[in-house]
Amino acid sequence: MKLLKKHGDAFTFHLPAREKPLLLTVLDRYPVVPATHPFLGNSAAGTAVDQRLLDEALAEQRQENKRRLKTLLKDERRMKQTVTGFHWVLTAADIEWLLQVLNDIRIGSWIHLGSPDQDPWNVELSEATVPHAWSMELAGFFEVALLEALKSDGAG
Amino acid sequence: MPKTVTPEVAPDIAREEREKPRSGLEPGYLVICWDDPVNFMDYVTHVFQAVFGWPRRKAEVHMLQVHEQGKSVLTRESLEKAEHYVHQLQKYSLHATMERDE
């Protein structure tokens, strides 16, 4: 996926035909980070009430993200077919939000792989681990494409 | 005309501040981001910019502090604001916590 152009707040990406099913499949996995993981809270400090409020807000946010994701991916005005693939139009706010979604998938997959502590990841590939390793790499691939697009705009 | 001396009665500001009870509105909570081996450095820098509105250079300094020292204190805020920032950072899947600044 590459940025083709930016006009105003609209970023137009070229999504090659072979990458679209990968994008849809990886996004379909959201949310992946376990709700009780420290990445999503469970601070050592703060009161139990503080933590409960944070947990509730986060759970609500994930549900909203799931709904928004479905709407975005079904919007044919945003993703138009071309000869070689698709043109996908996203706003800066969409990109910011998609980064959160993709990173949840990436981090969650890493957690399911046992949170290996170095890159290259020392993970034994098996039927159980391959889907997580695949999701982690794919989410990272699309994440980098979005970060590059924001930087090219001077916003990153 | 004799010079008069006006007694100065200055408020004991230091004592008042010491005795003032802490409240949720008082800035006294640290927002901390912890290192992890998985988030892209570029991503973390971007998140700091997006959440705090920092220029890229400042965001990079904190990102490197997280990376090299294991954590970075990002800001000191009231309870309400600290909770807000922690929530924002967690939305991006960064490991963030808040601690009372004793």
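Below is a summary of the structure that appears in this document. (Residues numbered from 1 in each chain as written. Chains lettered and ligands numbered in written order. Predicted model: local features only at pLDDT ≥ 70, side-chain atom pairs only at ≥ 80, totals over all residues. Heavy atoms only, no water.)

### What about the packing of helix 3 (residues 92-112) of chain A against helix 4 (residues 130-152) of chain A?
Residues and elements named next belong to chain A. As a packed pair, helix 3 and helix 4 sit with axes 8 Å apart at the nearest point and diverge in direction by 155°. One finds that helix 3 runs roughly antiparallel with respect to helix 4. The handedness of the crossing between helix 3 and helix 4 is left-handed. On helix 4, the residues touching I95, E96, L98, L99, L102, N103, I105, R106, S109, W110 and H112 of helix 3 are H132, S135, M136, A139, G140, F142, E143, L146, L147 and L150. (Axes fitted to C-alpha atoms, helices over the stretch in contact; angles between N-to-C directions. Helix = DSSP H or I, 4+ residues; strand = E, 2+ residues; numbered from the N terminus. Parallel < 35°, antiparallel > 145°, perpendicular 65-115°, else oblique. Left-handed = near helix turned anticlockwise from the far one by under 90°. Contact = heavy atoms within 4.5 Å.)

### Details of helix 4 (residues 79-91) of chain B
Residues and elements named next belong to chain B. For helix 4, spanning 13 residues, the distance from its first C-alpha to its last is 18 Å, which sits close to the expected 18 Å at 1.5 Å a residue. With ten of 13 residues buried, helix 4 is to be regarded as a mostly interior element. Taken together, the buried positions of helix 4 are occupied by L79, A82, E83, Y85, V86, H87, Q88, L89, Q90 and K91. Remark: S93 follows helix 4 within two positions and exhibits a positive phi of approximately 65°. (Expected span 1.5 Å × (residues − 1). Buried < 20%, exposed > 50% of the residue type's maximum accessible area, 1.4 Å probe, protein only.)

### Details of the packing of aromatic side chains
Going through the model one piece at a time under the given rule, you end up with five aromatic pairs over all chains. Ring centres of B:F52 and B:Y85 lie 4.6 Å apart, and the angle between their planes is 40°; on these two criteria the pair is classed as tilted. Here B:Y85 lies in helix 4 and B:F52 lies in helix 2 (residues 41-52), a separation of 33 residues in the sequence. Accessibility classification places B:F52 together with B:Y85 in one group, the buried group. Connected via pairs of aromatic rings, a cluster forms that spans B:F48, B:F52, B:W54 and B:Y85. The ring of A:F86 has A:K20 sitting right over it, with the charged end atom 4.3 Å from the ring centre. (Phe/Tyr/Trp six-rings, centres within 6.5 Å; stacked < 30°, edge-to-face > 60°. Lys NZ or Arg CZ within 6 Å of the ring centre and 35° of its normal.)

### Section: the nonpolar core
Counting residues in each nonpolar core, the largest one holds 54 residues, and the members touching the most others are A:F13, A:L27, A:W88, A:L98, A:L146, B:F48 and B:L89. Here the element with the most residues in this core is helix 4 of chain A; it accounts for eight residues. Excluding its chain neighbours within four sequence positions, the residues that come into contact with A:L146 are A:M1, A:F13, A:L90, A:I95, A:L98, A:L99 and A:L102. In terms of nonpolar packing, the next biggest core, distinct from the first, is built from ten residues, A:V33, A:I111, A:W121 and A:V123 among them. (Core = buried A, V, L, I, M, F, W, Y, C linked by side-chain atoms within 4.5 Å.)

### Digging into the pattern of salt bridges
All told, the structure shown has twelve salt bridges over all chains when counted by the stated rule. When the shortest N-O distance is used, the salt bridge between A:K151 and B:D42 registers 2.9 Å. Placement of the pair is A:K151 in helix 4 and B:D42 in helix 2, with the two residues belonging to separate chains. Given a relative accessible area of 23%, B:D42 falls into the partly exposed group. B:D101 is the salt-bridge partner of B:R76, the closest N and O atoms lying 2.5 Å from each other. (Salt bridge = Lys/Arg side-chain N within 4 Å of Asp/Glu carboxyl O.)

### A few points about unusual backbone geometry
With an omega of -5°, the peptide bond between A:Y30 and A:P31 qualifies as cis. The residue A:S115 is not glycine, and still its phi comes out positive at about 50°.

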